[in-house]
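# Close look at the chain arrangement
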Amino acid sequence: MTDQYSNQNVDSSLQPSIAFLDKQPLALEYAGVNLRLNLLIMLMLITLACALFYQSLIPLPKGLQSLLPNIILGLFAFTCVFCVYGYFSDKAKSYALRQLDLHYSSGLFFYKTVSQPITRIQHIELKRGPIERHFNLASLQIFSAGGATYSFEIPGLPVERAMHLRQFILQHRELLKHG
Amino acid sequence: MAEDNTISPDPLVGTDPNSPWQALSPVAIVYFTASIFKQLLGNIVYLIPALIFSYKSVLQHPFIWLPAILVIISLMALTACLKFKMYRYRLSQDTIEIRSGIFNKTHLHLPFSRVQNVKLEQPLYYRLTGHACLQLDTAGSAKQEAKIVALPLDFATQLKQSILSQKSATPQASNNDNPDEGEVLLNSRSLSDLVVHGICSNRIWILVGGLAPFYDNIMQSVSIEIEKMGLDLSERFNLDSHSTLEVLFTVLVLGLLIVLVILALSVVGAIVSFYGFTLSKIDDRYIRRSGLLTKYEVSMGISRLQMLIQKQDWLDRLLKRVDLKLQQNSASHTQDAATGANNKIVVPSITQQQSQDLIDELYPQNTLKQVIQHQGFTGISKVFIWRQIILIWLPIYTVTSIAAWSSQQSQWLFVTTAVFLFICGLVVLRWKRWGIATDQHFVYLRKGLIGVDYVCFNLFKVQQTQFMQSILLQKRQLASVRFVLASGAIKVPMLKQSLAYRLLDYSLYKVGVTEKSWM
C-alpha cells in the first residue's frame, strides 16, 4: 500500500455512502417511449393472433383454432401486466454520478444498485438506435474488467446529458491516470 | 529446414529490426500433428454414439473405412507439414512477429511491453529433442496470444527472461537488478501429496457426468462381457435363490470396486497434471511448474493476483488438507481451463499451516489467521435458511411426496422425507459457514458446505460493486452484496443492510484512494 492512512476513528456517517446517492432520474420521455414501444409490439402480436383466428385461407389444426381465443386473452392479460410493470420499473431507474464513481439503480421488487469506480472503467460506449435518435435519447454502456457479465447500460438518457457524462468520465480517467 | 542453429546465445542481442524470418525446428511437425489430432478428437466426440451403434456394419466394409482412414491420416500429415512450412517468426529488440496459416494467413505483431504472461509448455515428445513452446499472453482477448511452437529449451528460457526483464524494467527499474538469480522455492508437492489430492479432488465426477449419455451402451456391453465370462448377474441378484445378505454383499463389493476404479483414475489425473509441482518466486513473480507428460510453466506477477481462495472439500477436511488457488484475470483465458495450462495457480493438497504461510507470503498485511482465531466473521441472517427451504426445497419435496403418495408407492415417502431433511441440514450448514470480515486492506469471506473455503482479496482490486435487495429483504433491513473482481464475482447473501452499505462504501473508498493499478 502506498499510503498509510487510518480509517478507524472516522465516524462512518461522515463518509459518503451509496445509501444516500444523489439520484438523477432518466429522461422524462424514456418511460413513455418504452411503454409505447412495448404496447406496439404486444398489439402486433395480438393482431396477428386475431388475424389467424378470423382468416379462412390457411386451415389451422383444430386444437389451435379452439385454443386461439384463450391465447389472445392470455396475451391481453400479459400485455397489461408487462406494460404496467415495465412502465413503473422504467420510472424507478436512476443513476448517480459522484467524483470517483458512477451508480445505476433499478428494480421495483428487486432493487439493485451497481457502483462502478471510474478508474476501473475499461471503456464506454454511447448507443443510439433509430427510436432513441428520434426521441433524442441515448444509452451509455459501461464495460469493466470484470468481464462481459458485469458490463451495464444506463438507458434513456437525454443525448446532451449522455455526452456530458461520457466526456466527464473520459476526462476524469485521464486526469486520474496522469494528473 | 533446420536453420535455427545460428541463434546467438543472448536472444535479443544482435537482432536488428530487419532480421531474417526464422523457421521452426522440424520437431514442430510433431506438435502440429498432435494439435490437429486433438482438434479432430474434440470434434469426433459427437460421432461416438453413431459409431457405437453402427460399428458392426462399418466393420463389414473394410474397403470403405480403410481408405477413408488412410486419406484422413495423410491429410493430417499434409496439413501439419504445410503449417510447419508456413510458420515463420522474427524477433527484434522489443517485438516478436509471427506469420502463420495455410489459407487464413495471420501476421501477428506483438511488442514485448504488452506481454502480461509468459508460459513455457513442454510436451512429452519435445523432451526428447529439448524443445519447448513459448506462449506469450497479452491482457487483451485470447486471440491475441502468440505461441512460438518449437524453440530450443534454453533459448526459450532465455527469451522468456529477457521479455520479462524488459517488461518489468519499464515501470520500476530500481528493484530489479537481475531477474534470473534469486529464485526461491516456496512449495513443492511430493507424489504422496498428489495421491491425496487425487482422492480429494472431485474432478472425476466431471468425467462420470460426461459419460452419462453412454451409460446404457456401457452397461450393455459390460453385461455382455460379464456373461461371456460366465457370470450370471440376474441369477446373482435373484432374491429367491440367494439370501438378502448375499445380494447386499455383492452390491457392496461391486460398488466399492467402482469407487476404487474411479479413485484410481482421479489419482492418475492428479499425478498427470501436478507431477513435480513447484511454486517458486523470483522478485515479484510467482512461477508454477508441473506436469508429467506435458510440462507447464506459468508465471504470474504479484500485482496480477486478484484473489486467494483456500478451498477445502469434505474429504479434504477428513485428511486435514486444503487447496490454495491464486486467481488472476480470467476474462480472456477460458478455453483450456481443464488442463494444467490455465492461468490459475493451484497449490494442491497442502496443510493448513503451509497454506497460511503462503497466504502471508502473498498478502503480507493479511490478518486472516487472527480473524479465524477470534471468530471475527459476521454471519448472514437466518432468513437465508427459511428462504432456501420454503422457496426452493419445500415445493420440490411437496410435489415429489404427493406424486409418490398418489401413485400408491408410499415407501418412497420415507426416501423423499429423508432426502428433504438431509438437504435442510445442508442448508443450515451452508448458512453457518457464510461469514464476512474486513480489515483495512482486505475482505475475508468464509463459505462452504461441509468443508470450509476462505476467500481473501484486496479491497482496491474491486472492479465494481452491487447492492441487491428485494422488497421482502428491505422490510427486514437485509441486503446482498456482490464484489466484481477481474477474476470473477463473489456474492454474499443476506447481510444486515447497514453492514452491506458499509462494506460497499469502504471498498469504493479504497478504490478511490489507492493509486495502485489493479493489474
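Our subject in this report is the structure included herewith. (Residues numbered from 1 in each chain as written. Chains lettered and ligands numbered in written order. Predicted model: local features only at pLDDT ≥ 70, side-chain atom pairs only at ≥ 80, totals over all residues.)

### Digging into the overall build of chain B
The condition is simple: Helix and strand labels come from DSSP, where a helix needs a run of H or I of at least four residues and a strand needs a run of E of at least two; each type is numbered from the N terminus. A pair of residues counts as a contact when their C-beta atoms, built from backbone coordinates, are separated by no more than 7 Å.
Regarding its fold elements, chain B presents 17 helices and 20 strands. For chain B, long-range pairs separated by at least 24 residues make up 58% of all intrachain contacts whose partners lie at least 6 apart in sequence.

### What about the overall build of chain A?
The following threshold applies: We call a residue exposed when 12 or fewer other C-beta atoms sit within 10 Å of its C-beta, buried when the count reaches 20 or more, and partly exposed for counts in between; the C-beta positions come from the backbone.
In terms of helices and strands, chain A carries 4 helices and 7 strands. Each helix and strand of chain A, placed in order from N terminus to C terminus, yields the pattern β-α-α-β-β-β-β-α-β-β-α. Here chain A, with 179 residues, has 20% of them falling under the buried criterion. Here the analysis covers contacts within chain A between residues at least 6 apart in sequence; of these, 51% occur between residues at least 24 apart.

### Some details on the pairing of strand β1 (residues 88–91) of chain B
As a reminder, the rule being used: Strand pairing is assigned whenever DSSP detects at least two bridges linking the two strands.
In the sheet, β1(B) pairs with strand β2 (residues 95–100) of chain B via 4 bridges, with the strands oriented antiparallel. Directly across from B:Arg90, in β2(B), lies its bridge partner B:Glu97.

### What about the environment of A:Leu43?
Within the element layout of this structure, A:Leu43 appears in helix α1 (residues 28–54). Along the sequence, A:Leu43 and A:Phe76 sit 33 residues apart, while their C-alpha atoms lie 8.6 Å from each other.

### So, the interface of chain A and chain B
Note the cut-off: Note that Gly is not counted as nonpolar here; it falls among the polar residues with everything else outside the nonpolar set of Ala, Val, Leu, Ile, Met, Phe, Trp, Tyr, Cys and Pro and the charged set of Asp, Glu, Lys and Arg.
Opposite the 27 residues of chain A that make contact, chain B presents 28 residues. Sorting elements by how many residues they give to the side of chain A that touches chain B places strand β4 (residues 110–117) of chain A first, with 8 residues. In the side of chain A that touches chain B, the residues fall into 11 nonpolar, 12 polar and 4 charged. In terms of strand pairing, β4(A) meets strand β18 (residues 464–470) of chain B through 6 bridges, oriented antiparallel. From the neighbouring strand, A:Tyr111 faces β18(B), where its bridge partner is B:Gln469.

### Some words on the packing of helix α14 (residues 383–406) of chain B against helix α15 (residues 411–433) of chain B
All names here are of chain B. Keep this limit in mind: To obtain each axis, a line is fitted to C-alpha atoms, and for helices this fit is confined to the stretch in contact; angles are then taken between N-to-C directions over 0 to 180 degrees. Roughly parallel means an angle under 35 degrees; roughly antiparallel, over 145; roughly perpendicular, 65 to 115; everything else is oblique.
Between α14 and α15, whose axes approach to 10 Å, the crossing angle comes to 170°. By the angle between their directions, the pair α14 and α15 is classed as roughly antiparallel. Residues Phe-384, Ile-385, Gln-388, Ile-389, Trp-393, Tyr-397, Thr-400, Ser-401, Ala-404 and Trp-405 of α14 touch α15, and the partners they reach there are Trp-412, Leu-413, Thr-416, Phe-420, Ile-423, Cys-424, Val-427, Val-428 and Trp-431. Taken together, the residues of the contact of α14 with α15 sort by class into 15 nonpolar, 4 polar and no charged.

### Section: the sheet that holds strand β20 (residues 488–496) of chain B
Reading across from one edge, β1(A)-β2(A)-β3(A)-β4(A)-β18(B)-β19(B)-β20(B) is the order of the 7 strands in this open sheet, with antiparallel pairing throughout. The two strands at the open ends of the sheet, each matched to only one other strand, are β1 (24–25) of chain A together with β20 of chain B. Examined bridge by bridge, strand β3 (residues 101–106) of chain A and β4(A) share 6 bridges and lie antiparallel to one another. Paired with A:Asp101 across the bridge in β4(A) is A:Pro117. Packed onto the sheet, helix α17 (residues 497–513) of chain B meets β3 and β4 of chain A together with β18, β19 (478–485) and β20 of chain B and runs at close to 25° relative to β19(B).

### Quick look at helix α6 (residues 191–200) of chain B
Since the α-helix packs 3.6 residues into each turn, any two residues three or four apart lie on the same face. Looking only at α6(B), the buried set comprises B:Asp193, B:Leu194, B:Val196, B:His197, B:Gly198 and B:Cys200. Looking at the buried residues of α6(B), the elements they touch are α10 (244–274), α11 (314–319) and β13 (345–350) of chain B.

### What to know about the sheet that holds strand β6 (residues 146–152) of chain B
All names here are of chain B. With antiparallel pairing, 7 strands are arranged side by side in an open sheet as β6-β5-β4-β10-β9-β8-β7. The sheet is open, and its two edges are formed by β6 and β7 (184–188), each paired on a single side. The average undirected angle you get between the axes of adjacent strands in this sheet is 20°. Of the pairings in the sheet, the one linking strand β9 (residues 285–290) to strand β10 (residues 295–301) comprises 6 bridges and is antiparallel in character. The partner of Ile-287 across the bridge, within β10, is Ser-299.

### Digging into the pairing of strand β8 (residues 278–282) of chain B
All names here are of chain B. In terms of strand pairing, β7 meets β8 through 4 bridges, oriented antiparallel. Residue Leu-185 lies in a different strand from β8, and its bridge partner there is Ser-280. Hairpin connection between β8 and β9: a loop of 2 residues separates the two successive antiparallel strands, and Asp-283 in this loop has a positive phi of roughly 50°.

### A few points about the nonpolar core
All names here are of chain B. Here is the rule: Put simply, a nonpolar core is a cluster of buried Ala, Val, Leu, Ile, Met, Phe, Trp, Tyr and Cys residues tied together by C-beta atoms within 7 Å.
Counting 55 residues, the largest nonpolar core has Val-443, Tyr-444, Cys-456, Val-481, Leu-495 and Ala-500 as its most contacted members. Setting aside residues up to four positions removed in sequence, Ala-500 forms contacts with Phe-467, Ala-479, Val-481 and Leu-495. Ranked by size, the runner-up nonpolar core spans 28 residues in total, among them Ile-148, Ala-150, Leu-151 and Leu-159.

### Thoughts on the packing of α6(B) against α10(B)
Residue and element names in this part refer to chain B. To keep it simple, the criterion reads: A clockwise turn of the near helix away from the far one marks a right-handed crossing, whereas an anticlockwise turn of less than a right angle marks a left-handed crossing.
Contact geometry for α6 and α10: axes closest at 7 Å, N-to-C directions at 130°. In terms of orientation, α6 and α10 fall into the oblique class. Crossing hand, α6 versus α10: right-handed. Across the interface between the two elements, Leu-194, Val-195, His-197, Gly-198 and Ile-199 of α6 pack against Leu-263, Ser-266, Val-267, Gly-269, Ala-270, Ile-271 and Phe-274 of α10. Looking at side-chain class alone, the contact of α6 with α10 contains 8 nonpolar, 4 polar and no charged residues.

### Some points on helix α3 (residues 62–86) of chain B
Threshold: To estimate the expected span of a helix, count its residues, drop one, and scale the result by 1.5 Å.
Taking 1.5 Å per residue, 25 residues should reach 36 Å; α3(B) reaches 36 Å between its end C-alpha atoms and fits that length. All buried positions along α3(B) are accounted for by B:Ala80, B:Lys83 and B:Phe84.

### Details of the environment of B:Arg88
All names here are of chain B. Within the element layout of this structure, Arg-88 appears in strand β1. Among the residues examined, Arg-88 registers 15 C-beta atoms within 10 Å and is labelled partly exposed. A sequence separation of 426 residues divides Arg-88 from Thr-514, and the C-alpha atoms of the two residues are 44 Å apart. Ignoring any residue separated from it by four or fewer positions in sequence, one finds Arg-88 in contact with Trp-21, Gln-22, Ala-23 and Arg-99.

### Some points on unusual backbone geometry
Residues and elements named next belong to chain B. You will see that Lys-320, though not glycine, has its phi angle at about 60°, which is positive. One can find Lys-320 in the loop between α11 and β12 (322–327). The phi dihedral of Ser-349 falls on the positive side, at around 45°, and the residue is not glycine. For Ser-349, the location among the structural elements is in strand β13. Of the residues examined, Ser-349 has 26 C-beta atoms within 10 Å and is grouped as buried.

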